[in-house]
Amino acid sequence: MALLQILRYPDPRLHKKAKRIARVDDRIRTLAADMAETMYDAPGVGLAATQIDVHERMVVIDISEEKNELRVLINPEIIASSDEASVYEEGCLSVPGVYDDVERPSRVRVRAMNLEGEIGEFEAEGLLGVCVQHEIDHLNGKVFVQHLSMLKQTRLKAKLRKQERELERA
Ligand code: K1U
Ligand code: ZN
């Protein structure tokens, strides 16, 4: 297994749209294991392949306290969303130290393939619902800060550029 490097916003590679996975093979199984190890190490509750510069539609999620309920979702799709919306304070492993409120549908129905190549569906709400939507956004090239106001995005980019310059000088 291997720990993978997580891309940091505003890296332009975070905005690439990931391609569907045609079949589950050993390469995909190894990628899933490496992504899970990277997510647990970070630590985080989710990780999309886009974040490790692999532009294929796979995410890993584990919202359990004991970190023993890993979900690997291949080609995940939201097939239904509630009209009701909820606000959750989100974070992102690609934007460390930044947390902000994002409004999304409260409940979603998700269709995805597992590592056995079987297609299944489930309902997700609460943290799982937020996390699935956040990770599918990554596969579509969208980072959670793009849900924030333009003013907040501009301020954040300026702050990150300043941090970058300070690091280069140090
Ligand atoms: O995609 C990512 O960057 C992972 C992200 C998932 C997420 C969390 C919360 C709301 C929306 C999406 C994270 O895991 S950020 C880190 C985090 O929330 C966390 C870390 C350790 C324990 C519990 C949560
Ligand atoms: Zn994220």
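Overview of the structure. Everything numeric here is computed off the predicted structure, so don't read it as measured data.

Moving on to the site of ligand 1. Near ligand 1, the surroundings consist of 14 residues, among which Val45, Gly46, Gln51, Leu93 and Glu135 are the closest. Between His134 and ligand 1, the recorded distance is 3.2 Å, taken from a side-chain N or O atom to an oxygen atom. Against a free-state accessible area of 530 Å², the protein chains account for coverage of 79% of ligand 1. At a threshold of 2 Å from the grid points, most atoms of ligand 1 map onto the largest pocket. Top contributing element to the shell around ligand 1 by residue count: helix H2 (residues 126-139), with five residues. Looking at the shell around ligand 1, its residues break down into six nonpolar, six polar and two charged.

Within the structure shown, the criterion is met by 13 salt bridges. A salt bridge links Asp137 to Arg104, with the shortest nitrogen-to-oxygen separation between them at 3.0 Å. Taken together, the residues span a long stretch of sequence, with Asp137 in helix H2 and Arg104 in strand E5 (residues 100-105) at a distance of 33 residues. Judged by its relative accessible area of 14%, Asp137 is buried. Here Glu121 ties to Arg109 by a salt bridge, and the two come within 2.9 Å at their closest N and O atoms. A residue pair is termed long-range when its members are at least 10 positions apart, and Glu121 in strand E7 (residues 119-125) and Arg109 in strand E6 (residues 107-113) qualify at 12 residues. Residue Glu121 is classed as partly exposed on the basis of its relative accessible area, which comes to 38%. Given the relative accessible area of 27%, Arg109 is considered partly exposed. Among the charged side chains, a salt-bridge network with shared partners connects Arg109, Arg111, Glu121 and Glu123.

Criteria and cut-off values
- Residues numbered from 1 in each chain as written.
- Chains lettered and ligands numbered in written order.
- Predicted model: local features only at pLDDT ≥ 70, side-chain atom pairs only at ≥ 80, totals over all residues.
- Heavy atoms only, no water.
- Near = heavy atom within 4 Å.
- Polar contact = N/O pair within 3.5 Å; in protein donor to acceptor, adjacent residues only side chain to side chain.
- Areas by Shrake-Rupley, 256 points an atom, 1.4 Å probe, with all protein chains shown as cover.
- 1 Å grid on protein atoms, 1.4 Å probe; cavity = no way out; pocket = protein on both sides within 12 Å on 5 of 7 lines; lining within 4 Å.
- Sits in = over half its atoms within 2 Å of the grid points.
- Helix = DSSP H or I, 4+ residues; strand = E, 2+ residues; numbered from the N terminus.
- Nonpolar A, V, L, I, M, F, W, Y, C, P; charged D, E, K, R; others polar.
- Salt bridge = Lys/Arg side-chain N within 4 Å of Asp/Glu carboxyl O.
- Buried < 20%, exposed > 50% of the residue type's maximum accessible area, 1.4 Å probe, protein only.

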